[in-house]
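Listed below, chain by chain, are the residues.
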Amino acid sequence: MNYLLFAVYLIVLCWFIIRIPFIKRSGISSKVIIGLFLFKIIAGIAIGWLSLHLYGTGNDYWDMNTEAWKEYQLLITSPGKYFTNIFTSDYPGGYSGIFSSMNSFWNDLKGNIIIKLVSVFNIFSRGDYYINSLFFNFLVFFGHVALYRVFIKVYPKRSVPAITGCFLLPSIIYFSSGIHKDGIVFLMLAVLIFCVYQSLQQGRFIKKYLLLIGISLILLFLIRHFIFIALVPALISWIVAVKLKQSPVKIFAIVYLVTGLLLFNIDSLIKQARPLELITQKQSGYLHLEKPETEIPLTPLAPNFKSFASNAPEALNHLLLRPYVWELPVRSLLPLNIELLFYQLLFLAFIFFRRQEPNSLHTAFIYFALFFTLTIFLLTGYIVPNLGSIVRYRSIYLPLIITPLLCSIDWGKLKRAFKIRN
């Protein structure tokens, strides 16, 4: 019965998705849209099946689905509790510990938001993981479309590399397709970027976009607050550079210099504000977790400038270069090692076979993508000592830096250089 139900829902969603105005305005043909959507659905099935057969039902993806079924049962038996329990804290500290990594209302809320969403899907799926994955990825697919609509304006007539970067990068397709926080984070980030870009192009922030920007920022803060923190200086720099029509290099340099000064000195102005201690505590929490097979050495941080500066090369190395192609603590990392090597070779191709830069409005967006991604990579590299987690966290942001590479390479020149003939 579930197979038939899955097939019916899939046909209905394929019919529906090519008729949605937001997706139609992407300019991608209906056949290609359906193909990309089906590829996303297959990835959702794959991550569900692999996680079940490799780790059993006790893994993050299936646990989310199980908890969502419990919430659905609560909806039936006690709707009042269903609609209020997400706001209830059973911890002794109440609603304190907003940045805590465990034993706090706010830490639980990250997963509870996804669980509530999937519990709604259960009205139609009766708890089936793969049907829930179908609905989940229908929503996340809008994030891919939103990013594509931005990049195709930045790089007009570069639809093939833009589609590749926004829809087909293996890491983002795989990790954002499982029922977990990654897909929703990617969706909210893409919606935020699309709304800001559209607003800057139109020269004003209309109510619809302001509402979506606000919702996106709130959800990003609640699900992964470090993303919100990394977004603030990047968004300010992007908006100011476009509004003032100033050099993005100058604006980003000024904003990030001021941000750095505040980060390392704000505790002398506001005693309660200790952002460096927050990051070091987060790292300490990871270091005290049970050691996984993909554990890598991580230098302990101290809450001062010297420690953060000396640890920065290690942090960026972990996010930009690892896992190395020969680094294989578990066999399942091999495809990700190869993928990362390809991106590194892609960067070399960009250096030697670069196309013309986009105009100033678009240049500010590219700087936003670069500065934001490197900031979140730096924060993740400071905190996470686990290659398995690193490749999953990194995947969300890869379209922001890989798509510009794909679109900026002169592929014709590259073919001629290596005498590649069609």
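Structural data are supplied above this passage.
Residues numbered from 1 in each chain as written. Predicted model: local features only at pLDDT ≥ 70, side-chain atom pairs only at ≥ 80, totals over all residues. Heavy atoms only, no water.

Draft legend 1. Here's a closer look at the overall build of the chain. The helix and strand tally for the chain stands at 20 helices and zero strands. Expressed along its principal axes, the backbone C-alpha trace of the chain runs to roughly 60 × 60 × 50 Å. The burial tally for the chain puts 50% of its 422 residues in the buried class. Pairs at least 24 residues apart make up 73% of the contacts formed inside the chain by residues separated by at least 6 positions. In the structure as shown, the chain presents an accessible area of about 20,900 Å², 68% of it carried by carbon and sulfur atoms. Distance between charge centroids for the chain: 17 Å, based on 38 positive and 18 negative side chains. (Helix = DSSP H or I, 4+ residues; strand = E, 2+ residues; numbered from the N terminus. Buried < 20%, exposed > 50% of the residue type's maximum accessible area, 1.4 Å probe, protein only. Contact = heavy atoms within 4.5 Å. Areas by Shrake-Rupley, 256 points an atom, 1.4 Å probe, with all protein chains shown as cover. Lys, Arg positive; Asp, Glu negative; His and termini not counted. Charge placed at Lys NZ, Arg CZ, Asp CG, Glu CD.)

Draft legend 2. Fine view of the packing of helix H7 (residues 129–154) against helix H10 (residues 181–202). The geometry of H7 relative to H10 is characterised by a closest axis approach of 8 Å and an angle of 35° between their N-to-C directions. Relative to H10, H7 is oriented so that their crossing is left-handed. Taking contact as the criterion, the partners of Phe 136, Leu 139, Val 140, Phe 142, Gly 143, His 144, Ala 146, Leu 147, Arg 149, Val 150, Lys 153 and Val 154 in H7 are, on H10, Gly 183, Ile 184, Phe 186, Leu 187, Ala 190, Ile 193, Phe 194, Tyr 197, Gln 198 and Gln 201. Here the residues of the contact of H7 with H10 are counted per class, giving 15 nonpolar, five polar and two charged. (Axes fitted to C-alpha atoms, helices over the stretch in contact; angles between N-to-C directions. Left-handed = near helix turned anticlockwise from the far one by under 90°. Nonpolar A, V, L, I, M, F, W, Y, C, P; charged D, E, K, R; others polar.)

Draft legend 3. Structural context of the pattern of salt bridges. Going through the model one piece at a time under the given rule, you end up with six salt bridges. Ionic pairing is found between Glu 295 and Lys 291, a salt bridge with its closest N-O pair at 3.7 Å. Note on Lys 291: relative accessible area 51%, which makes it exposed. Between Arg 322 and Glu 327 there is a salt bridge whose closest N-O contact spans 2.2 Å. Classification of Arg 322 by relative accessible area gives buried; the value is 12%. Linked through salt bridges whose partners overlap, the residues forming this network are Asp 182, Arg 224 and Arg 392. (Salt bridge = Lys/Arg side-chain N within 4 Å of Asp/Glu carboxyl O.)

Draft legend 4. Region of interest: the environment of Asn 103. Following the sequence through the fold, Asn 103 ends up in the loop between helix H5 (79–84) and helix H6 (105–125). For the pair formed by Asn 103 and Pro 92, sequence separation is 11 residues and the distance between their alpha carbons is 9.6 Å.

Draft legend 5. Quick look at the state of the cysteines. Within the structure shown, the criterion is met by zero disulfides. In this structure Cys 166 is not part of a disulfide, and its nearest cysteine sulfur, from Cys 407, lies 7.3 Å away. Of the residues examined, Cys 166 reaches a relative accessible area of 0% and is grouped as buried. (Disulfide = S-S within 2.5 Å.)

Draft legend 6. Structural context of the packing of H10 against helix H12 (residues 225–243). For the pair H10 and H12, the least separation of the axes is 11 Å and the interaxial angle reads 15°. Between H10 and H12, the angle is such that the two are roughly parallel. Remark: the crossing between H10 and H12 carries right-handed chirality. Of the residues in H12, those touching H10 at Val 185, Leu 189, Leu 192, Ile 193, Val 196, Tyr 197 and Leu 200 are Ile 227, Leu 231, Leu 235, Trp 238, Ile 239, Val 242 and Lys 243. (Parallel < 35°, antiparallel > 145°, perpendicular 65-115°, else oblique.)

Draft legend 7. Region of the structure containing helix H11 (residues 207–223). For H11, which comprises 17 residues, the first-to-last C-alpha distance of 24 Å matches the rise-based estimate of 24 Å (1.5 Å per residue) to within 8%. Where H11 is concerned, the buried positions are Tyr 209, Ile 213, Ser 216, Leu 217, Leu 220, Leu 222 and Ile 223. In the core, the buried residues of H11 are packed alongside H6, H10 and H12. (Expected span 1.5 Å × (residues − 1).)

Draft legend 8. Broad picture of helix H3 (residues 30–55). For H3, built from 26 residues, the straight-helix expectation of 38 Å at 1.5 Å per residue is met to within 8% by its first-to-last C-alpha distance of 37 Å. Ile 33, Leu 36, Phe 37, Lys 40, Ile 41, Ala 43, Gly 44, Ile 47, Gly 48 and Ser 51 are the residues of H3 that are buried. The inward-facing, buried residues of H3 contact helix H1 (2–17), helix H2 (21–24), helix H4 (60–77), H7, helix H8 (159–167) and helix H9 (170–175).

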